[in-house]
Amino acid sequence: MVLDYTVVLNGTNNMAFQSDTTYYVTGPCSLSGVTQLEGGAVVKYASTNNSQLTVFGTIKCLTTPYSPVILTAIDDDTVGQHISGSSGSPSGYYAATALSIPDNTSQLKNLRISRAGTGIQYGGSSSTNNGWPHCLTHVQMVNCGTGVSSYSPVFCVRNGLFYNVSTVLSAPGTITNVTANCEHVTVDNATWLYTTQRAFTLNLTNSLLYGVGNLPSTPYNGGNDSAYSAGTAGVFEVPVVCGSHYLAAGSGLRNAGTTNISYDLQVDFGSFTTFPPLIYSNVTIAANTVWVPQAQRDTDVPDLGYHYPALDYLVTSCQLTNATLLATNGVALGVYGGQGLNLQCGAVLVSQGRPEFMNELLRYEPVQELPAAWASGGSAHYLVGAVATASPLPVVRMRFTDMPFLADPVTSRTPIELVGSVVLGSLALTDCSLRSPSMDFYAAASGMTMSLTNNLIQRGSVTWYQEAIPGYYPFTLNLYHNLFWHGSLSLNYRDPSTTWTVADNLFDTVNLSGGSYQMNASHNGYMGTGSLGG
């Protein structure tokens, strides 16, 4: 039996939650040593046996805004691998506590927690087991019983969205007083803002509270920089695909905050926004077009409430024909449905970011909070696809472009479609980052050139085929100065009619295999893997 997910075992030491893997928690699990959370990892919980992750020791949170860790229910098929027994329709709560941190301190960033009885618990019931402080930054909690429960005396939440969370904050027990420092928190639909059995101080800055059933008469310490209301009418945009908490157009909540917020949050907001993306659905682009950032990043006086990692455009089934589309200057493109852009005859796609502002090309799920299956499980999903026959052939050139993926089925992690009868004139990726991609390349017509130069391919599943059999055509492959970090790479060079050059690359812990003929391989580095020779 082959499992596409990993069952988390109780008592594991030095656990690494990998960016390309879905994990299943079936009951209480204690982890010790150093626990590593890689952005893109998906953790799913059973609804029975009090499933919970308790982390002792150190947590290394290796996430980014566009590559979060997602903690959700076994029945949530919208992210990660599908777990055997999933109903596909989550209901109620699953994890007893998604993440419990009874000792030490923690700095967690870029998380989404869904369908948990309690999202995060800090400290334990013992007075000697209360590590602090804790900081939780860029977090989404959706459909949970309690958001954050703390036995520890100090914690902070910076840029948090609590949607349909019954009790946002809790301070159980009687051990010590608790202080919560919260900046840019949006609460939408809660029964309690907080419940407590001991003295509790809430410092709330630049935040929005809507639909809270039990709001204390003095809910926060601070200035008049937060907003409260019984309902949300007119506050947020109509949901844009699966994001329901972008501020409405012309909102008076923009530029309404204090600038007295943490420095790290001010810096992060340079790539975060309260403005929604523009939708391009089933549109044909037949004239040269330039896409630049249009969702205003919050670099001036802060807007109130939760900020999303910026998405400028959300695209699905857009046809590019006889034209050049230039995406540039750090633009962020999200994809929903089975395919984002479809390249037809004469199409040229150029993604040109900058070293300090890379373009982002990704599916929408890492950014937007609402679960929705936009294509059926097992269907092939592509960020960029192409038609089977086109003249002239489409061309793709990307530089300084980041393409992160969640630990979804491999059929949902394809950046560029090059399988079957689909073919490009040329493909060039330079100075790009591909995180957990699945790339299965071969040529359906002769003459194509594929060149990858100075890229990071992290935990990729990558295969190139050049076979001396019908249906496979010769192409030129150039791999220079790339870092292949973990994952697998198959270079099936079995037809030497064209030249494959693999030079100056580093292969770090890669499952590496070659073909029948010796390619032009030289000056490569190998760590924890075999050699191509040369």
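Before going into details, it helps to say that this report is about the structure given with it. Because the structure is predicted, anything quoted here is derived from the model rather than measured.

Describing the sheet that holds strand β32 (residues 348-352)
Line of reasoning, step 1. Pairing is parallel across the open sheet formed by nine strands, whose spatial order is β25-β29-β32-β35-β38-β41-β43-β45-β48. Looking along the sheet, the strands with just one partner apiece sit at the ends: β25 (289-291) and β48 (520-522). The mean angle between the axes of side-by-side strands here comes to 5°, regardless of whether they run parallel or antiparallel.
Line of reasoning, step 2. The sheet contact formed by β32 and strand β35 (residues 395-399) spans five bridges and is parallel. Following the sheet pairing, Ser351 is matched in β35 by Met398.

Let's talk about the packing of aromatic side chains
In this description, an aromatic ring pair is defined by two values, namely the gap between the centres and the angle between the planes.
Line of reasoning, step 1. One pass over the structure, following the stated rule, counts 19 aromatic pairs.
Line of reasoning, step 2. Taking the centre distance of 4.7 Å and the plane angle of 40° together, the rings of Tyr194 and Phe200 count as tilted.
Line of reasoning, step 3. Since its relative accessible area comes to 18%, Tyr194 is described here as buried.
Line of reasoning, step 4. Linked through ring pairs, Tyr246, Tyr306 and Tyr308 together constitute an aromatic cluster.

Some words on the state of the cysteines
Structurally, a disulfide amounts to a covalent bond that connects the sulfur atoms of two cysteines.
Line of reasoning, step 1. Evaluation of the coordinates by the stated rule reveals one disulfide.
Line of reasoning, step 2. What pairs with Cys135 in a disulfide is Cys156, and their sulfur atoms sit 2.4 Å apart. Around the S-S axis, the bridge from Cys135 to Cys156 shows a dihedral of about -135° and counts as left-handed. With Cys135 in strand β14 (residues 134-142) and Cys156 in strand β16 (residues 154-163), this residue pair connects regions lying 21 residues apart in the sequence.

So, the layout of surface pockets
Line of reasoning, step 1. Counted as a void, the largest pocket has a volume near 420 Å³.
Line of reasoning, step 2. Looking at the lining of the largest pocket residue by residue, the class counts come to eight nonpolar, five polar and seven charged.

Conventions and cut-offs
- Residues numbered from 1 in each chain as written.
- Predicted model: local features only at pLDDT ≥ 70, side-chain atom pairs only at ≥ 80, totals over all residues.
- Heavy atoms only, no water.
- Pairing = 2+ DSSP bridges.
- Helix = DSSP H or I, 4+ residues; strand = E, 2+ residues; numbered from the N terminus.
- Axes fitted to C-alpha atoms, helices over the stretch in contact; angles between N-to-C directions.
- Phe/Tyr/Trp six-rings, centres within 6.5 Å; stacked < 30°, edge-to-face > 60°.
- Buried < 20%, exposed > 50% of the residue type's maximum accessible area, 1.4 Å probe, protein only.
- Disulfide = S-S within 2.5 Å.
- 1 Å grid on protein atoms, 1.4 Å probe; cavity = no way out; pocket = protein on both sides within 12 Å on 5 of 7 lines; lining within 4 Å.
- Points joined across faces, edges and corners; volume = space filled by probe spheres on them.
- Nonpolar A, V, L, I, M, F, W, Y, C, P; charged D, E, K, R; others polar.

Function-wise, these values are silent; they only describe arrangement.
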